[in-house]
Amino acid sequence: MAAVAALLLAVLGLLPIANWIAGGHAAPWYDERLRLWLIGGAVVSGLAAVVVMAARRWPTIWSSDGWGRIASRWHHTGRRGDGAIALAAGVLYAAVARGVFAGRPLLTDEVIQLFQARIFAGGRLWLPASPHPEFTSAMHLIDWGGKVYGQFPAGGPAMLALGSLVSAEWLVLPLAGAVSVYCFARLLRLIEPRAGVALAALLLFAFAPFVVFLNGSMMNHSTTVMWLLVASLALGMATRNAQAAPRAAFLMGLAFGAAATIRPTDGAAFAIPAAVWLAWRAWRGGWKHWMALLWSGVGVAIPIALLLWVNWAQSGHPTEFGYITMWGKSHALGFHEAPWGPAHTPARGLELVNLYLLRLQLYLFETPVPGLLFATGALACTRRLTGFDRYALWGSGFLLLAYFAYWHDGFYLGPRFVLPLAPWLALWTARFPAALAERGASREWQRFALTAGIVSLLSAGLLLVPIRVEQYRDGLPDMRHDADATAESNGVRDAVVLVRESWGEQLYVRMWALGVSRVESFRLFSRLDACQLDALLTEVEQRHGGAAEFIPTARALADTTRRLVRVRVVGDSAVHLVAGAPIAPRCMRRIRENQAGFTSFTPLLLAGHGGNLFVRDLHARDSLILRAHPGRPVYLLLTDTTAAAPLRLLPVALDSAVAEWRADAPVPP
């Protein structure tokens, strides 16, 4: 089993298979990275060889028991030592959350989950929908059927809601990361008898850059890993102490259930082999093992029942998650049509798994050599697996198999979908020198491997990680704007703030407001000339029509549309226009507005201090929202086209705005 895992890691983690399959996902950066790996490998190998030769000539420079003494001291400190390392890791995660990510959600997924967390913290499961949802719609935000709520499973937002209650949402994931480190430390004491290997694995996991950065974000992967490690620790206890097995199995079930309420696929991937293991023990053992199996099921059922209740309250169906409500069954696992882009096939699934493991080579440790090299070598050298080793390998395999069957490329701060593999990869990485010894490798080869690993990690920490920090610190500038601070500094309170967004985004949300699904809106946007789409939307809006009227007309128009070209308006903003066709004055106005500056509305779902109401600017349709809030001052929020430009608040004179709307399009009655 270990040899099979090593072979899969070697093939899928080192070879650019995605680049060899035409028409799908690819790793265009692979050739450059391979050159860097070869150069880095040569430098690391050369330095390691020098150290080994020096140690041969001057044996005193190599203290063979130095790390052993440190590990022994850690082992004897027990919970205090584990807590100290977890605390240090948590402080680092918190520093990254504030210093690198500004304590803010920077991805739409994070924004929507935090929006839902605040709904939960306010004692509700959903908010009442606005009669004009186009002003506050966002990707991944469901706003129909009279309800507004996020598409993600309830567990992730529920974790963030704990931070919302104490106005410290940015601190939730650093704390979850610290708990993960502590649980992994306690687990290592159960499953890894070599203190030196256990301590190395703990430090590799706790301070791996991939783990550090995700624990500083607001993504739900870190809280999932926390619950998976709580469950793994409880499983370790249940399989080692028959007397305590029922209590430990109940805790294990609760933790697996909690993980499933956050990311159902991840929870199931590791819960299934754990359940099989407990069932096998029950079949071979006494009534204590049967009780453990029973109580594990009770534990799982409690959080799952809560999840089903929330689903029922939100979507009306206990087993229907928000993302299925929004995107349909094409969002689910399997090989079928995807919500957007090409259909998901086994070939595309293989490409994605290949990409995840290739990226892990880069992002896990940020070393100048492939990051999974030592873990692959340890698996290849291992002669015998423990029961817990088999459990971890089966869980990891199920996780990769699940994402093989999932259509979306989960990339943010690295291959985020495979974060649950990080503790087990850290353990196998730490085992490599010992695995070499078990295979009869000479002392020189063991020293060479250990020195190469240390040099790689030092290179990462001193040279490569600082580059990644700067990259993340400067990334996604439009999501970092603090609109509340801008309003406060300008003395703006109790105002309606119109947020100028890109023309393409405006077209999307206007389709959504008519009841057009997200999937259909993606298809129509890519098949229609933006001017034609804008005109058709205006026509249907003026008649107070809906999707039933709009979609057939739009599809018929798309079937007769001539060759489209993708036109980049400014930055990443782009629309489709008929090649060679004249651009109508109304459309030129939209393009010039975008060239003057715009910002993203999604992060402003979380703004609104000082009584300000942030809504999307939709030109003539703005009259609908202004009539609902008479007497309020009106401002326009936008930025210059420069990425680092600050937000600007401009007062809006309503008489001038109405005149402009009338020149642009009829004002809705």
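Heads up: these notes are all about the structure in this document. (Residues numbered from 1 in each chain as written. Predicted model: local features only at pLDDT ≥ 70, side-chain atom pairs only at ≥ 80, totals over all residues. Heavy atoms only, no water.)

## Considering the overall build of the chain
And then number 1: Of the regular secondary structure elements, the chain holds 29 helices and nine strands.
And then number 2: What you see for the chain is a C-alpha radius of gyration of 28 Å, in line with the 26 Å of a compact globule of 669 residues.
And then number 3: Dimensions along the principal axes, computed over C-alpha positions, put the chain at roughly 85 × 60 × 50 Å.
And then number 4: Split into buried and exposed, the 669 residues of the chain put 55% on the buried side.
And then number 5: Nonlocal contacts in the chain, meaning residues at least 24 apart in sequence, comprise 77% of its contacts between residues at least 6 apart.
And then number 6: Averaged over its 58 positive side-chain charges, the chain has a centre that lies 11 Å from the centre of its 43 negative ones. (Helix = DSSP H or I, 4+ residues; strand = E, 2+ residues; numbered from the N terminus. Rg over C-alpha atoms; globule rule 2.2 N^0.38 Å. Buried < 20%, exposed > 50% of the residue type's maximum accessible area, 1.4 Å probe, protein only. Contact = heavy atoms within 4.5 Å. Lys, Arg positive; Asp, Glu negative; His and termini not counted. Charge placed at Lys NZ, Arg CZ, Asp CG, Glu CD.)

## Some details on unusual backbone geometry
And then number 1: If you check the backbone angles, Ala102 has positive phi at about 60° while not being a glycine.
And then number 2: Its location among the elements puts Ala102 in the loop between helix H5 (79-99) and helix H6 (108-121).
And then number 3: Backbone geometry places His544, a non-glycine residue, at a positive phi of 55°.
And then number 4: Mapped onto the elements of the fold, His544 is located in the loop between helix H25 (530-542) and helix H26 (547-560).

## Quick word on the packing of aromatic side chains
And then number 1: Tallying each qualifying case throughout the model produces 29 aromatic pairs.
And then number 2: When the ring of Tyr403 is compared with that of Phe417, the centres are 4.6 Å apart and the planes differ by 15°; the resulting orientation is stacked. Residue Tyr403 is found in helix H18 (residues 387-404), and its partner Phe417 is found in the loop between H18 and helix H19 (422-430); the two are separated by 14 residues along the sequence.
And then number 3: Take Tyr403: its relative accessible area is 3%, and that puts it in the buried class.
And then number 4: Residue Phe417 is classed as buried on the basis of its relative accessible area of 3%.
And then number 5: Pairing Tyr406 with Phe417 gives two aromatic rings, centres 5.8 Å apart and planes at 55°, and the pair type is tilted. Note that Tyr406 is positioned in the loop between H18 and H19 and Phe417 in the loop between H18 and H19, a separation of eleven residues in sequence. In this structure, Tyr406 and Phe417 share a single accessibility class: buried.
And then number 6: The structure contains a cluster of three or more aromatic residues connected by ring pairs, namely Trp327, Trp340, Tyr356, Tyr403, Tyr406, Trp407, Phe417, Tyr508, Trp512, Phe522 and Phe525.
And then number 7: The ring of Trp74 has Arg189 lying over it, and the distance from NZ or CZ to the ring centre is 4.2 Å. (Phe/Tyr/Trp six-rings, centres within 6.5 Å; stacked < 30°, edge-to-face > 60°. Lys NZ or Arg CZ within 6 Å of the ring centre and 35° of its normal.)

## Here's the deal with a nonpolar patch on the surface
And then number 1: Where nonpolar side chains cluster on the molecular surface, the patch consists of Leu294, Trp295, Val298, Ile302, Leu306, Trp309 and Trp312 and spans about 720 Å² of accessible area.
And then number 2: Within the secondary structure, Val298 is located in helix H14 (residues 287-315). (Patch = residues over 30% accessible without salt bridge, like charges linked within 9 Å, V, L, I, M, F, W, Y side chains within 5 Å. Areas by Shrake-Rupley, 256 points an atom, 1.4 Å probe, with all protein chains shown as cover. Salt bridge = Lys/Arg side-chain N within 4 Å of Asp/Glu carboxyl O.)

## With respect to the environment of Phe614
And then number 1: Mapped onto the elements of the fold, Phe614 is located in strand S7 (residues 613-616).
And then number 2: Sequence-wise, Phe614 and Phe448 are 166 residues apart; in three dimensions their C-alpha atoms are separated by 60 Å.
And then number 3: Apart from residues no more than four positions distant in its own chain, Phe614 is found in contact with Thr136, Ala483, Asp484, Val497, Val499, Phe601, Leu604, Ala607, Gly608 and Leu637.

## With respect to the sheet that holds strand S9 (residues 647-651)
Strand pairing in a sheet is mediated by backbone hydrogen bonds. Such pairs are either parallel or antiparallel.
And then number 1: On the basis of which strands lie adjacent, the open sheet formed by four strands has the order S7-S4-S8-S9 and mixed pairing. With partners counted over all chains shown, the strands left at the sheet margins are S7 and S9, one partner each. Averaged over all neighbouring strand pairs, the angle between strand axes comes to 30°, with direction disregarded.
And then number 2: Note that strand S8 (residues 634-639) and S9 share five bridges and pair antiparallel. Across the sheet, Leu636 pairs through a bridge with Leu650, a residue of S9. (Pairing = 2+ DSSP bridges. Axes fitted to C-alpha atoms, helices over the stretch in contact; angles between N-to-C directions.)

## Let's talk about the sheet that holds strand S1 (residues 127-128)
And then number 1: With antiparallel pairing, three strands are arranged side by side in an open sheet as S1-S3-S2. The open sheet terminates on both sides in strands that have one partner only, identified here as S1 and strand S2 (141-142).
And then number 2: Contacting S1, S2 and strand S3 (147-150), H6 runs over the sheet at an angle of about 125° to S3.

## Quick notes on the pairing of strand S4 (residues 496-499)
And then number 1: Of the two faces of S4, both are covered, the one formed by Val496 and Leu498 as well as the one formed by Val497 and Val499.
And then number 2: When S4 meets S7, the two strands line up parallel, connected through four bridges. Following the sheet pairing, Val496 is matched in S7 by Leu613.
And then number 3: Of the strand pairs in this sheet, S4 and S8 are connected by four bridges, and their pairing is parallel. For Val497, the partnering residue across the bridge sits in S8 and is Tyr635.

## A look at helix H23 (residues 503-513)
And then number 1: Most of H23 is tucked away, with nine of its eleven residues classed as buried.
And then number 2: Here H23 has its buried residues at Trp503, Gly504, Gln506, Leu507, Tyr508, Val509, Arg510, Met511 and Trp512.
And then number 3: Positive phi appears at Gly515, one or two residues downstream of H23, with a value of about 100°.

## Let's talk about the environment of Leu476
And then number 1: Positionally, Leu476 belongs in the loop between helix H21 (443-474) and helix H22 (483-489).
And then number 2: Residues Leu476 and Phe101, spaced 375 residues apart in sequence, show a C-alpha to C-alpha distance of 9.7 Å.
And then number 3: With residues near it in sequence (within four places) discarded, Leu476 still touches Leu106 and Tyr412.

## Topic: helix H8 (residues 172-191)
And then number 1: For H8, spanning 20 residues, the distance from its first C-alpha to its last is 28 Å, which sits close to the expected 28 Å at 1.5 Å a residue.
And then number 2: Across the 20 residues of H8, 16 count as buried, placing the element largely inside the fold. (Expected span 1.5 Å × (residues − 1).)

## Focus: the packing of helix H13 (residues 264-284) against H14
Packed helices, taken two at a time, are described by the angle between their axes plus the distance between the axes.
And then number 1: Direction vectors running N to C along H13 and H14 enclose 150°, while the axes themselves pass 7 Å from each other. As the angle between them shows, H13 and H14 are arranged roughly antiparallel. The chirality of how H13 crosses H14 is left-handed. Counted together, Ala275, Leu278, Ala279, Arg281, Ala282 and Trp283 of H13 and His289, Trp290, Ala292, Leu293 and Ser296 of H14 form the full contact between these two elements. (Parallel < 35°, antiparallel > 145°, perpendicular 65-115°, else oblique. Left-handed = near helix turned anticlockwise from the far one by under 90°.)

## Side note on the pairing of S3
Remark: a regular strand shows side chains that alternate across the two faces of the sheet.
And then number 1: Judged by which residues are buried, S3 turns out to be covered on both faces: Lys147 and Tyr149 on one side and Val148 and Gly150 on the other are all buried.
And then number 2: The sheet contact formed by S1 and S3 spans two bridges and is antiparallel. In the sheet register, Pro128 faces S3, and the bridge partner there is Lys147.
And then number 3: Sheet analysis places S2 next to S3, joined by two bridges and oriented antiparallel. From the neighbouring strand, Ile142 faces S3, where its bridge partner is Tyr149.
And then number 4: Where S2 folds back onto S3 in an antiparallel hairpin, the turn is made up of four residues, including Gly145, whose phi is positive at roughly 70°.

Read these as spatial facts, not as claims about activity.
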